[in-house]
Amino acid sequence: QVQLVESGGGLVQAGDSLRLSCAVSGRTFSRPAMGWFRQAPGKEREFVAGINWSGGRTDYADSVKGRFTISRDNAKNTVALQMNSLKPEDTAVYYCAAGSPFGTRVLLTPLDYEYWGQGTQVTVSS
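Presented here is an overview of the structure given in this document. (Residues numbered from 1 in each chain as written. Predicted model: local features only at pLDDT ≥ 70, side-chain atom pairs only at ≥ 80, totals over all residues. Heavy atoms only, no water.)

### With respect to the sheet that holds strand E7 (residues 68-73)
Pairing is antiparallel across the open sheet formed by four strands, whose spatial order is E1-E3-E8-E7. The open sheet has two edge strands with one neighbour each: strand E1 (2-7) and E7. Going from strand to strand, the sheet's axes swing by 15 degrees on average, the running direction of each strand aside. Bridging between E7 and strand E8 (residues 78-83) involves six bridges; their strand directions are antiparallel. Paired with Arg72 across the strands is Val79, a residue of E8. (Pairing = 2+ DSSP bridges. Helix = DSSP H or I, 4+ residues; strand = E, 2+ residues; numbered from the N terminus. Axes fitted to C-alpha atoms, helices over the stretch in contact; angles between N-to-C directions.)

### Quick look at the side chain of Asn52
With respect to the helices and strands, the residue Asn52 is situated in the loop between strand E5 (46-51) and strand E6 (58-60). Taking relative accessible area as the criterion, Asn52 reaches 4% and is therefore assigned buried. Among the polar contacts made by the side chain of Asn52, one reaches the main-chain amide nitrogen of Gly55 at a distance of 3.0 Å. Beyond its immediate sequence surroundings of up to four residues, Asn52 is in contact with Ala33, Arg57, Arg72, Gly103, Thr104, Arg105 and Val106. (Buried < 20%, exposed > 50% of the residue type's maximum accessible area, 1.4 Å probe, protein only. Polar contact = N/O pair within 3.5 Å; in protein donor to acceptor, adjacent residues only side chain to side chain. Contact = heavy atoms within 4.5 Å.)

Quick look at the structure:
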């Protein structure tokens, strides 16, 4: 079992930055591939960013490339999402997710992930 707890969400203005953090507990030795997803009201959950077990591979949704950065600290069992130049369309609940143990690939779809956090709200005002 892996438990995930997100933090760092909030209300910001367009152009501001936020840093989301995901604390990973439980079977942390398995070094799962990790990802961030988001879901806006009335929309499906969508991939935002992913990182493999070592941190050596990352991938991003086209809508956030160049603005968001995913990183992980395996010593501290945390995964972060640095979000810069935020836009109103970034408003959503953001979820941290954990996938396969020692995942060498970046996982891109919700079905690839086994464990999910409860989410943190990010609201960007114009």
